[in-house]
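One-letter residues, chain by chain:
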Amino acid sequence: MGKLKISIEETWKLALKEEFGKAYFEQLVNHVKTEKELGKTIYPKGNQIFNAFNTTPLPQVKVVILGQDPYHGSGQAHGLSFSVQKGVPFPPSLQNIFKELQRDTGNPYPKHGDLTQWAKQGVFLLNASLTVRAGEPMSHAQIGWAIFTDAVIKVISVQCPKVVFMLWGKFAQEKEKLIDTTKHLILKAPHPSPLSAHQGYFGCGHFSTCNQFLVKNGLDPIDWHIN
């Protein structure tokens, strides 16, 4: 991990210690490192690859929103699924998330797309792949990240008491098999991308349903308002 100048929050480091010691993870780190040495631009920056983990410690996880791949444009990805840095135009899927959020909760449409406020409240914004080559979507989908992030989902399922998993689109829904559905809430909808948002993402009501579940289980609801 040190080779990539990565630090990861202590509760995650402890929970994922075995994964970091496995051969596939060393190969994964070396793959990314080699691409950088060959002059490839990798997103997000090294110190942001584990941003979701560093912002939301394992004991604080209340909600998981699973994305597939980091954004591959300049200045967009910063290690939180669907989120972009302040000042960056909203990608289409994020626009649709905000439209549904506004419809569902009545919150005003956000002025920026940085979802760090959610992450600090326990919304774990996980991408299945944690890196990508600039301009090449899914370019790191097969280098081992899926093994790692599947292990992350299993750890959350086992160690956290009551979590809402928002699984948007077929890819995310395939991860349901990793989750103990007897104690966690699974919310499924089409992906918020413009290709599928009108097939049931709009109107899904996941944000309010999530908060009802949290309150029912004695947990503070998420303040979805972004300011």
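For the structure itself, look to the data block above.
Residues numbered from 1 in each chain as written. Predicted model: local features only at pLDDT ≥ 70, side-chain atom pairs only at ≥ 80, totals over all residues. Heavy atoms only, no water.

Novice: Looking at this model, I keep getting lost on the pattern of salt bridges. Mind explaining?
Specialist: Side chains that differ in sign of charge can pair as their charged atoms come close. Evaluated as defined, the whole model comprises nine salt bridges. The closest approach of N and O atoms between Lys-22 and Glu-19, which form a salt bridge, is 3.0 Å. Judged by relative accessible area, which is 11%, Glu-19 ranks as buried. Close ionic contact of Lys-188 with Glu-176 constitutes a salt bridge, the shortest N to O distance being 2.8 Å. Placement of the pair is Lys-188 in strand β6 (residues 185–189) and Glu-176 in the loop between α8 (170–173) and β6, with a sequence separation of twelve residues. For Lys-188, a relative accessible area of 45% translates into the label partly exposed. Residue classification places Glu-176 among the partly exposed positions, given a relative accessible area of 23%. Residues joined by salt bridges that share partners form a network here, namely Glu-35, Arg-133 and Glu-136. (Salt bridge = Lys/Arg side-chain N within 4 Å of Asp/Glu carboxyl O. Buried < 20%, exposed > 50% of the residue type's maximum accessible area, 1.4 Å probe, protein only. Helix = DSSP H or I, 4+ residues; strand = E, 2+ residues; numbered from the N terminus.)

Novice: Teacher, can you tell me more about the sheet that holds β6 here?
Specialist: Pairing between sheet strands relies on hydrogen bonds along the backbone, with the strands arranged either parallel or antiparallel. One open sheet holds the four strands; their spatial order is β3-β2-β5-β6, and the pairing between them is parallel. Looking at which strands have only one partner, the edges of the open sheet turn out to be β3 (123–127) and β6. Across the sheet, the mean angle from the axis of one strand to that of its neighbour is 20 degrees, orientation sign disregarded. In this sheet, β3 lies alongside strand β2 (residues 63–67) in parallel orientation, the contact comprising five bridges. The residue of β3 that forms the bridge with Ile-65 is Leu-125. The sheet contacts of helix α7 (residues 145–159) involve β2, β3 and β5 (164–168), and relative to β3 the element is tilted by about 155 degrees. Sitting on the sheet, helix α9 (residues 206–216) is in contact with β2, β5 and β6, with an inclination near 160 degrees to β5. (Pairing = 2+ DSSP bridges. Axes fitted to C-alpha atoms, helices over the stretch in contact; angles between N-to-C directions. Contact = heavy atoms within 4.5 Å.)

Novice: Looking at this structure, I do not really get the pairing of β5. What am I missing?
Specialist: Each regular strand carries side chains that alternate between the two faces of the sheet. Where burial is concerned, most of β5 is hidden: five out of the five residues are buried. The side-chain alternation of β5 yields two buried faces, one formed by Val-164, Met-166 and Trp-168 and the other by Phe-165 and Leu-167. Where β2 meets β5, three bridges bridge the pair, whose relative direction is parallel. Following the sheet pairing, Ile-65 is matched in β5 by Met-166. Two strands pair when backbone bridges link them, and β5 and β6 are joined in this way by five bridges, in the parallel orientation. Bridge pairing in β6 links Met-166 to Leu-187.

Novice: When you look at the nonpolar core in this model, what are you seeing that I'm missing?
Specialist: Ranked by internal contacts, the top residues of the largest apolar core, which has 71 residues, are Trp-12, Phe-53, Trp-118, Phe-148 and Ile-156. Considering every element that reaches this core, the biggest residue donor is α7, with six residues. Once residues lying within four places of it in the same chain are set aside, the contact partners of Ile-156 are Trp-12, Leu-58, Val-61, Val-64, Phe-124, Val-163, Phe-165 and His-184. (Core = buried A, V, L, I, M, F, W, Y, C linked by side-chain atoms within 4.5 Å.)

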